[in-house]
Amino acid sequence: MIISLTQYKGGVGKTTSAICLATLLSNDAKTLLIDSDPNRSATLWARKGLLPFDVCSDSEAPKRLMSGQYKHTVIDTPARPAADDVKAIAQGADILILPTTPDPLSLSALVQIATELPKGTNYRCLVTLSPPAPQTDGADAIAALQRHGLPVFDRPIRRYKAYIKAADAGVVVKQAPGGGVAWRDWEEVWKELGNG
Ligand SMILES: Nc1ncnc2c1ncn2[C@@H]1O[C@H](COP(=O)(O)OP(=O)(O)O)[C@@H](O)[C@H]1O
Ligand SMILES: [Mg+2]
C-alpha cells in the first residue's frame, strides 16, 4: 500500500497525518515513510529512533525500497507543489490523502487540487486541526466538502496538544501525554480506510 499526502497550502497537518498513517500501517506490516519535503519535519520527528516505522529521505528511498523489506510506504510530499507535481504524486499512490484545516483558505486550496487530479485518482480529503467542541468548524468543513462532491473522511482530526508534544518528544501520538484520546480519531480513519 502506498499512501501519499499533498496540499497546496502548508501547515495543514500533512506531516502529522503522514506520521499517524505510517503508525497505523506499521501495526500491519513493515512501513517506510519517505520524507520528500525539504523542510524535513518527518525526519526531525523520527530523529530519536522511537517510531515504529522507518523514515528516509527521497535520495535514500530507492535503496530502501529495493531491499524488499517494506510492505507499506507513506510519502510526505514537498510543500507547495506545482499542479504537474500533484498529478505525478497522484499517479504514484494507491491512495492520496489531502489534509486540510477547516478554514476557508485551506478548503479552497483543497477544492482546487481536487479539480486538478487525474481522472480516477483514489483520494480522500481529511479535515485536521479541528477546534474543540462546542465549535463546529470541523463538521462544517466536512459538510462543505461533501456539498462539493469531494470524498472526505466522516470525522475530523481534532486539535490536541498531544500532537505537538509527540513531535517534540519524537514519539507516536498515543505515547504523548493526552495522546490516547487524540489517537481515537486515527482509529476511526483506519476503519474508514477499510480496516478493522
Ligand atoms: N491535530 C492536531 N492538533 C494539534 N496540533 C496539530 C495537529 N495537527 C498538526 N498540528 C500542529 O500544527 C502544525 C502544522 O502541522 P504539520 O503536520 O507540520 O503541517 P504541514 O506538514 O502541512 O505543514 C505543527 O506544529 C503540528 O504540530
Ligand atoms: Mg510538513
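### Notes on the packing of helix 1 (residues 14-28) against helix 8 (residues 179-192)
- At a minimum axis separation of 11 Å, helix 1 and helix 8 run at an interaxial angle of 65 degrees. Seen from above, helix 1 lies across helix 8 with right-handed handedness. Here Ser17, Cys20, Leu21, Thr23, Leu24 and Leu25 of helix 1 lie close against helix 8, whose contacting residues are Trp183, Trp186, Val189 and Trp190.
- For the contact of helix 1 with helix 8, a count of residues per class yields 8 nonpolar, 2 polar and no charged.

### Here's the deal with the layout of surface pockets
- The computed volume of the largest pocket comes to approximately 380 Å³.
- Val12, Gly13, Lys14, Thr16 and Leu129 are the residues nearest the centre of the largest pocket, which is lined by 23 residues in total.
- At the level of elements, helix 1 and helix 7 (161-169) are the ones that each hand at least two residues to the lining of the largest pocket.
- With 4 residues, helix 1 is the largest single contributor of residues to the lining of the largest pocket.
- Of the residues contributing to the lining of the largest pocket, the split by class is 9 nonpolar, 8 polar and 6 charged.

### Some details on the pairing of strand 4 (residues 72-76)
- Burial within strand 4 is extensive, with 5 of its 5 residues counted as buried.
- Of the two faces of strand 4, both are covered, the one formed by His72, Val74 and Asp76 as well as the one formed by Thr73 and Ile75.
- Where strand 1 (residues 2-5) lies against strand 4, 4 bridges are found, and the strand directions are parallel. In the sheet register, Ile3 faces strand 4, and the bridge partner there is Val74.
- Pairing analysis gives 5 bridges linking strand 2 (residues 31-35) to strand 4, with the strands arranged parallel.

### Focus on the packing of aromatic side chains
- Here the structure, examined in full by the defined rule, presents 0 aromatic pairs.
- Here the basic side chain of Arg124 rests over the ring of Phe153, its NZ or CZ set 4.7 Å away from the ring centre.

### A short note on the site of ligand 1
- Near ligand 1 lie 13 residues; those nearest to it are Gly11, Lys14, Thr15, Thr16 and Arg158.
- Between Gly13 and ligand 1, the recorded distance is 3.0 Å, taken from a backbone N or O atom to an oxygen atom.
- Note that an oxygen atom of ligand 1 is positioned 2.9 Å from one of the backbone N or O atoms of Lys14.
- Its free accessible area being 560 Å², ligand 1 has 78% of it covered by the protein chains.
- The cavity that encloses ligand 1 is the largest pocket.

About the thresholds
- Each chain has its residues counted from 1, following the order in which its sequence is written.
- Chain letters and ligand numbers both follow the written order, the letters beginning at A and the numbers at 1.
- In keeping with the model being predicted, local features are shown solely for residues with a pLDDT of at least 70 and side-chain atom pairs are shown and tallied solely at 80 or more, while totals for entire chains, interfaces and linings include all residues.
- By convention in this description, side-chain values take in all heavy atoms of the structure and omit both hydrogens and water.
- To get an axis, a line is fitted to the C-alpha atoms, and for a helix only the part in contact is used. The angle between two axes follows their N-to-C directions and goes from 0 to 180 degrees.
- We count a stretch as a helix when DSSP gives it H or I for four or more residues in a row; a strand needs E for two or more, and each element gets its number in order from the N terminus.
- Left-handed describes a crossing in which the near helix is turned anticlockwise from the far one by less than a right angle; the clockwise case is right-handed.
- Note on contacts: a residue pair is in contact if any heavy atoms of the two residues lie within 4.5 Å.
- The classification used treats Ala, Val, Leu, Ile, Met, Phe, Trp, Tyr, Cys and Pro as nonpolar, Asp, Glu, Lys and Arg as charged, and all other residues, Gly among them, as polar.
- In this analysis, the protein atoms alone were mapped onto a 1 Å grid. Cavities are point sets where a 1.4 Å probe fits without being able to get out; pockets are open sets with protein on both sides within 12 Å along at least five of seven lines; lining residues have an atom within 4 Å of a point.
- Grid points are joined across faces, edges and corners, and a volume is the space filled by probe spheres set on the points.
- In this scheme, a residue with accessible area under 20% of its type's maximum is buried, one over 50% is exposed, and one in between is partly exposed, where area comes from a 1.4 Å probe on protein chains only.
- For two strands to be treated as a pair, DSSP must find no fewer than two bridges joining them.
- Between rings of Phe, Tyr and Trp, where Trp is taken as its six-membered ring, a pair exists when centres lie within 6.5 Å; planes separated by under 30 degrees are stacked, by over 60 edge-to-face, and by other angles tilted.
- Two thresholds decide whether a charge sits over a ring: the Lys NZ or Arg CZ must be within 6 Å of the ring centre and within 35 degrees of the ring normal.
- Any residue with a heavy atom lying within 4 Å of a molecule or strand is counted as near it.
- Definition of a polar contact: a pair of N or O atoms within 3.5 Å, with one able to donate and the other able to accept a hydrogen when the atoms are protein atoms, and with sequence-neighbouring residues admitted only if both atoms are side-chain atoms.
- Only the protein chains shown count as cover for residues, and all accessible areas are computed by the Shrake-Rupley method using a 1.4 Å probe.
- Each molecule is checked against the cavity or pocket grid, and it sits inside if more than half of its atoms lie within 2 Å of the grid points.

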